[in-house]
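One-letter residues, chain by chain:
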Amino acid sequence: MMKKKFDPAMAINSVAEISAERGINPNVNDSATFCFPKGQTMTDTFTGDVQGYYLYSRHWNPSNMSLCKALAAMEGTEAAWVTGSGMGAITCALLQCAKKGDHIVASMTVYGGTFAFLNNYVERFGIEVTFVDTTNLEQVKAACRPNTKVIYTETMSNPLLRISNIGELRKIADKAGAKLIVDNTFTPMVFSPYILGAHIVVYSMTKFINGKNDCVAGAICGDQDFINSLIDVNTGTAMLLGPVLDSFRSTSILKNLYTLHIRMQKHGENAMYLAKRFNEIGIKANYPGLESHQDHKLMVDQMNKGFGFGGMISIDLGTAEKANAFMEAMQDKGVGYLAVSLGYFRTLFSCSGKSTSSEVPQEYQTEMGMSEGLVRYSVGLDNDMEATFEVIQSALKELKFA
Ligand SMILES: *Cc1c(COP(=O)(O)O)cnc(C)c1O
C-alpha cells in the first residue's frame, strides 16, 4: 500500500477553530492572568492534578495555544510552544537538552546568533560545543562523545544552502543518546524535519512563517513531554527565562500561516527562475533546486513535493566592494532592499560574510567555502520575475559585472 504523503498545508486546515462567537478568525485573548472557579482548582492546577485551566500567560494562553496547535499540525509533532524570537526558541531548546558537563555537536554554518550563543555563551553553563560540517556524517560521528546530548543543525544552511541528511543524523543521535534539534527557518513546509527524524524542530517565525517582516517571533515543536518540560514551573527553561510570545502577535502570525504554502510556492518559483537566469548570463548561482547543486538529490529525496525548493539563492561576485556596489544599484532600481533577514514579500539582499554570518570566524567561513563577495537573496513574490531580472541585469551591465 502506498503511504499517504504528508501535507503540512492541509494539516493546518484540520485544526482551524470556530470562536465562541462564531467568528472565523482566531480570537485574541490578551489576558495575562486567568481566574479559577474555586481556590482548590487553582491549587490543583499548580500541582498538575487538574488539566484544562489557563494559569498565567508566560506559561500558556489561549491565543498562543491556537497558534501552537497549527504549528504542531504543520510539523506532525504532538505539541509546540511559541517564543518572542527565533533566538528565544533556539536557546531554550538547547538549554533544556544540555546541562553542566554536557556536550553539543553543532553545524559550523548555523545562523550567526546561534553560532555566537554556542561559541561564546554556553561555556558559562559548563557546556562544551564541537562545530563540524554536518553534511559530512563521518565528522558528526567522530565528534560525538559519551556526554553528547544534542546534535544541532539547520535543514538548509546559510548562506551556501547545503542540505542536512536528517534521517542519517537521527541515527547518529540515537547511537550517541543525543537529541537531534533542527532549525527549519529557511524551509517551512518544504521540509518536515520531525517526520524525517528530528526530535525537536525550531523556527524563527520572523522569516517565512510570518512573512510580513512586522515582528520577531519563534517556535519550538516536539513531543508533548518535551514541550511540557520546557514550561515546567520548577525546571522549564522557557518558563523560567520567560521568552513567551505576545498573544496579539501570535494571533496575527496564525492568520499568516494559512497563506504560507502559496508564498513558499511563489518564493520557490521565483528563486528557481532567478537562479537559472543568472547561470545563463555566466554568473554562477547557488540554488538547491538546480541539478548542478551538490545537495540537489538529497533535497529531492527528503522534501515535501509541491512547495518548491525554497526562496533563497546566492551568487558570488568575488569581492565585498563589488557585492556592495551591486546591492546598492539593485536597491536604487527598486529590485528590493539591502537588508538582512528573509522570507519577506519583497526581495531582500545582503552580503553574508559581512553581515548575517559575521559572527562566524574567518577560518570557518573559508572552510565552508564562503566568499566575501557572496550576495544572498531572499527572493520576493514578484508577479513578473522576468521583468525584475531585466532590472537586475541592467544593474550588472552598468557596473560592467556582466
Ligand atoms: C533569523 C534566524 C534565526 C534567529 O531568529 P530571530 O527571530 O531573529 O531571533 C535563527 N535561525 C535562522 C536560520 C534564522 O534565519
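Above: the structure in question.
Quick look at the structure, then. This structure is a prediction, so every number in the text was calculated from the model and none was measured.

A few words now on the environment of Lys255. Among the structural elements, Lys255 can be located in helix α11 (residues 247–257). We classify Lys255 as partly exposed; its relative accessible area is 38%. Here the alpha-carbon distance between Lys255 and Thr43, two residues 212 residues apart in the chain, equals 35 Å. Setting aside residues no more than four positions away along its own chain, Lys255 makes contact with Asn25 and Pro26.

The next thing to look at is the pairing of strand β9 (residues 312–316). Burial within β9 is extensive, with 4 of its 5 residues counted as buried. In the sheet, strand β8 (residues 285–286) pairs with β9 via 2 bridges, with the strands oriented antiparallel. By the bridge assignment for β9, Ala285 is matched with Ile315. As judged from the 5 bridges shared by β9 and strand β12 (residues 374–378), these two strands associate in the antiparallel manner.

Next up on the list: the packing of helix α14 (residues 320–332) against helix α16 (residues 385–398). Viewed as axis vectors pointing N to C, α14 and α16 meet at an angle of 135 degrees, and their least axial separation amounts to 9 Å. Taken together, the axis directions place α14 and α16 in an arrangement best described as oblique. For the crossing formed where α14 meets α16, the hand is right-handed. For the pair α14 and α16, contact is made by Phe326, Ala329 and Met330 and by Ile392, Ala395 and Leu396, respectively. Class assignment of the residues belonging to the contact of α14 with α16 gives a composition of 6 nonpolar, no polar and no charged.

Okay, the site of the ligand next. Close contacts around the ligand come from 15 residues, with Met87, Asp183, Ser204, Thr206 and Lys207 the closest. Between the ligand and Met87 there is a distance of 2.8 Å, counted from an oxygen atom to a backbone nitrogen or oxygen. Taking Lys207, its side chain carries an N or O atom lying 2.7 Å from an oxygen atom of the ligand. Residues of the shell around the ligand, tallied by class, amount to 7 nonpolar, 5 polar and 3 charged.

For the rest of this paragraph, the subject is the layout of surface pockets. When its volume is computed, the largest pocket comes out at roughly 660 Å³. Every residue lining the largest pocket is counted, 24 residues in all, and those nearest its centre are Gln51, His59, Trp60, Asn228 and Ile231. Breaking the lining of the largest pocket down by element, the ones donating at least two residues are α2 (39–47), α3 (62–75), β1 (79–83) and α9 (224–230). Looking at the lining of the largest pocket element by element, the count peaks at 4 residues for α3. Residue composition of the lining of the largest pocket, grouped by class: 13 nonpolar, 8 polar and 3 charged.

Cut-offs and rules
Residues numbered from 1 in each chain as written. Predicted model: local features only at pLDDT ≥ 70, side-chain atom pairs only at ≥ 80, totals over all residues. Heavy atoms only, no water. Helix = DSSP H or I, 4+ residues; strand = E, 2+ residues; numbered from the N terminus. Buried < 20%, exposed > 50% of the residue type's maximum accessible area, 1.4 Å probe, protein only. Contact = heavy atoms within 4.5 Å. Pairing = 2+ DSSP bridges. Axes fitted to C-alpha atoms, helices over the stretch in contact; angles between N-to-C directions. Parallel < 35°, antiparallel > 145°, perpendicular 65-115°, else oblique. Left-handed = near helix turned anticlockwise from the far one by under 90°. Nonpolar A, V, L, I, M, F, W, Y, C, P; charged D, E, K, R; others polar. Near = heavy atom within 4 Å. Polar contact = N/O pair within 3.5 Å; in protein donor to acceptor, adjacent residues only side chain to side chain. 1 Å grid on protein atoms, 1.4 Å probe; cavity = no way out; pocket = protein on both sides within 12 Å on 5 of 7 lines; lining within 4 Å. Points joined across faces, edges and corners; volume = space filled by probe spheres on them.

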